[in-house]
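Descriptive structure summary
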Amino acid sequence: SVKRHYKFDIRLRNVTRLCHTKSMVTVNGKFPGPRIVVREGDRLEVKVVNHVPNNVTIHWHGVRQLRSGWADGPSYITQCPIQTGQSYVYNFTIVGQRGTLFWHAHFSWLRATLYGPLILLPRRNESYPFQKPYKEVPILFGEWWNADPEAVIAQALQTGGGPNVSDAYTINGLPGPLYNCSSNGTDTYRLKVKPGKTYLLRLINAALNDELFFSIANHTLVTVEADATYVKPFESEIIVIGPGQTSNVLLKTKPEYPNATFFMLARPYFTGIGTFDNSTVAGILEYKKPLNTVNTPPLKPTLPAINDTSYVANFSSKFLSLNSAKYPAKVPQKVDKSFFFTVGLGTSPCPKNQTCQGPNNSSKFAASMNNISFPLPSIALLQQHFFRHANYNNNGPNSYTTDFPALPLMPFNYTGTPPNNTRVSNGTKTVVIPFNTSVQVVLQDTSILGAESHPLHLHGFNFYVVGQGFGNFNPNTDPSNFNLVDPVERNTVGVPSGGWVAIRFLADNPGVWLMHCHFDVHLSWGLRMAWIVEDGKLPNQKLPPPPADLPKC
Ligand code: C2O
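Please read these numbers as outputs of a predicted model, since none were measured by experiment. (Residues numbered from 1 in each chain as written. Predicted model: local features only at pLDDT ≥ 70, side-chain atom pairs only at ≥ 80, totals over all residues.)

1. Things to note about the UniProt feature "domain: Plastocyanin-like" (unreviewed entry) in the protein
Those places that UniProt annotates as "domain: Plastocyanin-like" (unreviewed entry) correspond, in this numbering, to residues 13-123, 136-289 and 415-536. For the annotated span residues 13-123, helix accounts for 0% and strand for 45% of the residues, and the straight-line distance between the end C-alpha atoms is 36 Å. The distance separating the terminal C-alpha atoms of residues 415-536 is 43 Å; by composition the span is 4% helix and 46% strand. (UniProt positions renumbered as here; feature names shortened; annotations may be inferred. Helix = DSSP H or I, 4+ residues; strand = E, 2+ residues; numbered from the N terminus.)

Written out as structure tokens, the structure is:
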């Protein structure tokens, strides 16, 4: 296997957007960060050196990290943060995956500025199971804050209220012409194309807190891949993509020049409570010369209403595994352990002698699974777990428990009145499962503070999305409709607003694996838990010891 070396120098850099210059944390001075391109089977070594005052970790979002959990990256889950002046080498192999993923910081809200494409090409002699594209283009969606994003969330956690929303969405780091003060052409992403060609757009939603609709005027997109797994191709004018989701789509350019330029637009899908950034980012699809028409303004695509849940449900139902002879779906047919988790917001008490700006002006916002809001431990869980099990000197604090509840602690009814007890409790609680357990989890959105879609992300695994529906999950009737043949395989799925989704995965990867809402605001409010997958009996079923440079807390 080929070894590929990268170096990430974490540095401050002045960046200007919306006529506002700020000093921000970057990788190698770039925003968005550098592109990593590897092939299936390659070994990656990324040396991350921290030159900034902030703590930092980098997560390789969607990489399976088979027996390489020490390289996964979520702070206080698989590693302690890389402190100022320190470095850490992320060392892992790409096993059985090809497609588009991304890397991002996994500490506080640092990923607002620390993210970039992670492109997994097929092995050298392998081709795509779809038409070979003329060109491949990463399209990263992001959010821009004029303020420092870490200060934004710190202030929200202090006061208990909702954080300030972003000032713009971006395409490849650029807010585009629809915002004030971005008229200077360099603030707009332009995709220059030739007629009659097929382009592969590698879509990545790296926004912090928003699922997005995306469309290009007068062009149809063919989805061929989701979260680095091949899907049955399907056409649509409008894409829905949640934070943490990636998707490859084919764009066929017109054989002639009906127009010179077309807008590509993205704006949020949102059904929750409180404020959100409801602005629109535009990029431009531009046909190369000779142009027929020079002076027509770009055509604009029409996007669904901000809260169009039925469009989103319909769109997500189109995703199915390719399930070909070469890329078969390996859906677990039987279930060893079955779980039911509610997912949603809630409140926690306001400290005495403080006024809080959360719900009813007397509480703090919190978010939970099964009504447990998960505080991060002070030493990484994987370290704690590994050194206890391997019988090293057991001197770390036991700052987690293994009693994450299999069922919710509070009612969650959708079809009746929402429960009025909104309080959640705190606990760094995990579920321990033996190696090779076949797991099913039903994720049920709650109505405690209103229905909202949550992009749930699982580290260390892909899962199959075997079922979804609206209202309350019915354990007696719904499982009979599960798709156990060709369900889509992903690492991030939207738990539908006012509905549920059922996932299955095989726990064949020993380690500690975070599962959380990929809205950073919900993550910060505690919407996360961790699975501990025990070692198997065979040597190649065990997690090796940590690398010597693993950061200390
Ligand atoms: Cu991309 Cu834990 O996340």
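2. Regarding the domain arrangement of the protein
Domain annotation of the protein identifies domain 1 (1-126), domain 2 (128-326) and domain 3 (337-541). Using only C-alpha atoms to locate each centre, domain 2 and domain 3 end up separated by 28 Å. Taken together, the contact between domain 2 and domain 3 spans 29 residues of the former and 30 residues of the latter. Of all elements in the fold, only α1 (149-159), β15 (229-236) and α2 (309-316) reach the threshold of two or more residues within the side of domain 2 that touches domain 3. Counting residues per element, the side of domain 2 that touches domain 3 draws most heavily on α2, which supplies 4 residues. (Domains from an automatic or database assignment. Contact = placed C-beta atoms within 7 Å.)

3. Structural notes on the sheet that holds strand β32 (residues 528-533)
Strand-to-strand pairing in sheets goes through backbone hydrogen bonds, with the strands running parallel or antiparallel. With mixed pairing, 5 strands are arranged side by side in an open sheet as β24-β32-β31-β26-β29. Of all strands in the sheet, those with a lone pairing partner are β24 (430-433) and β29 (492-495), marking the two edges. Across the sheet, the mean angle from the axis of one strand to that of its neighbour is 20 degrees, orientation sign disregarded. Note: strand β26 (residues 454-458) against β29, 4 bridges, orientation antiparallel. Considered in β29, the bridge of Leu456 is made with Val493. (Pairing = 2+ DSSP bridges. Axes fitted to C-alpha atoms, helices over the stretch in contact; angles between N-to-C directions.)

4. Considering the pairing of strand β19 (residues 281-287)
For β19, the buried fraction is high: 6 of the 7 residues fall into the buried class. Relative to β19, strand β11 (residues 190-193) runs parallel, the two sharing 4 bridges. Among the inter-strand pairings, Lys192 is bridged to a residue of β19, identified as Glu286. (Buried ≥ 20, exposed ≤ 12 C-beta atoms within 10 Å, placed from the backbone.)

5. As for the environment of Thr402
You can see Thr402 is positioned in the loop between α3 (381-389) and β23 (425-426). Along the sequence, Thr402 and Gln541 sit 139 residues apart, while their C-alpha atoms lie 21 Å from each other. The residues touching Thr402, leaving out its near neighbours within four places in the chain, are Thr430 and Val432.

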